[in-house]
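Listed below, chain by chain, are the residues.
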Amino acid sequence: MGLALSFLATSSFASGKEFAEESPLVKVWKSPYCSCCKEWIAHMQANGFQVQTFEVGNSEVRSRLGMPMRYGSCHTAVVQGYVIEGHVPAADVKRLLAEKPNALGLAVPGMVIGSPGMDGPAYEGRKDPYDVLLIQRNGEAEVYHAYR
């Protein structure tokens, strides 16, 4: 019996079904005028996230959540207790939620062309290199995923 339960748990995890069934809620603070933020939200929704949006800007919430301004971007989000700053790809957010590191969250500082939400037709396929940073609670950062 234990082996069967172990197999079921493993096969469910391997298939990714547990993520689809949970459909994590991402709360996003952004300017009501920012179109790239809307595109990032669409990217997150297309990747299985539910999104709740607050059209009030993000400077105040970024500060309140402890995300250092040096990692700032045009929107700030929270998912399962982690802060997500900027145009972080959904795959990296999924990895963060699976690994559950003791960290503040992830950031893609600035507005990098080619990142999710900054990759529409206006950019004519251009993709600039960028790093997704894992931000520690003390404000230090390390590269979580490099896009080249």
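Residues numbered from 1 in each chain as written. Predicted model: local features only at pLDDT ≥ 70, side-chain atom pairs only at ≥ 80, totals over all residues. Heavy atoms only, no water.

A. Here's a closer look at the overall build of the protein. A tally of helices and strands in the protein yields five helices and seven strands. In the protein, the order of α-helices and β-strands from amino to carboxyl end is α-α-β-α-β-α-β-β-α-β-β-β. For the protein, long-range pairs separated by at least 24 residues make up 57% of all intrachain contacts whose partners lie at least 6 apart in sequence. Carbon and sulfur atoms make up 56% of the accessible area of the protein, which totals about 8,200 Å². (Helix = DSSP H or I, 4+ residues; strand = E, 2+ residues; numbered from the N terminus. Contact = heavy atoms within 4.5 Å. Areas by Shrake-Rupley, 256 points an atom, 1.4 Å probe, with all protein chains shown as cover.)

B. Quick look at the nonpolar core. In this structure, Val26, Trp40, Phe49, Ile84, Val93 and Leu106 are the most contacted members of the largest nonpolar core, which totals 23 residues. Within the residue set of this core, elements represented by two or more residues are β1 (25-30), α3 (35-46), β3 (75-79), β4 (82-86), α5 (90-99), β5 (105-108) and β6 (130-135). If one sorts the elements of this core by residue count, α5 sits on top with four residues. Ignoring any residue separated from it by four or fewer positions in sequence, one finds isoleucine 84 in contact with Trp40, His75, Thr76, Ala77, Val79, Val93, Leu96 and Leu106. Within the second largest apolar cluster, seven residues are counted, among which are Met67, Tyr71, Val83 and Ile135. (Core = buried A, V, L, I, M, F, W, Y, C linked by side-chain atoms within 4.5 Å. Buried < 20%, exposed > 50% of the residue type's maximum accessible area, 1.4 Å probe, protein only.)

C. Representation of the pairing of β3. Within β3, four of the five residues are buried, which leaves the element mostly enclosed by the surrounding structure. Across five bridges, β1 lies against β3 in antiparallel orientation. Its bridge partner lying in β3, valine 28 is registered against alanine 77. With four bridges joining them, β3 and β4 adopt antiparallel strand pairing. Within β4, the position partnered with alanine 77 by the bridge is isoleucine 84. The turn linking β3 back onto β4 is made up of two residues, and glutamine 80 within it adopts a positive phi angle of 45°. (Pairing = 2+ DSSP bridges.)

D. Summary view of the environment of valine 79. Residue position: valine 79 is located in strand β3. Since its relative accessible area comes to 1%, valine 79 is described here as buried. For the pair valine 79 and phenylalanine 49, spaced 30 residues apart in sequence, the C-alpha to C-alpha distance is 9.5 Å. Excluding residues that lie within four positions of it along the chain, valine 79 makes contacts with Pro24, Leu25, Val26, Phe49, Ile84, Val93 and Leu97.

E. Inspection of the side chain of histidine 87 at higher detail. Mapped onto the elements, histidine 87 comes out in the loop between β4 and α5. Taking the relative accessible area as the measure of exposure, histidine 87 reaches 0% and is therefore buried. A distance of 2.6 Å separates a polar side-chain atom of histidine 87 from the backbone oxygen of proline 116. (Polar contact = N/O pair within 3.5 Å; in protein donor to acceptor, adjacent residues only side chain to side chain.)

F. View of the pattern of salt bridges. Per the stated rule, a full pass over the model turns up five salt bridges. Residue aspartate 128 pairs with arginine 126 through a salt bridge whose shortest N-O separation is 2.7 Å. Arginine 148 is paired through a salt bridge with aspartate 131; the nearest N and O atoms lie 2.8 Å apart. Placement of the pair is arginine 148 in the segment after β7 (141-147) and aspartate 131 in strand β6, with a sequence separation of 17 residues. Using a relative accessible area of 24% as the deciding quantity, one classes aspartate 131 as partly exposed. (Salt bridge = Lys/Arg side-chain N within 4 Å of Asp/Glu carboxyl O.)

Bear in mind that shape data such as this cannot, by itself, settle questions of function.
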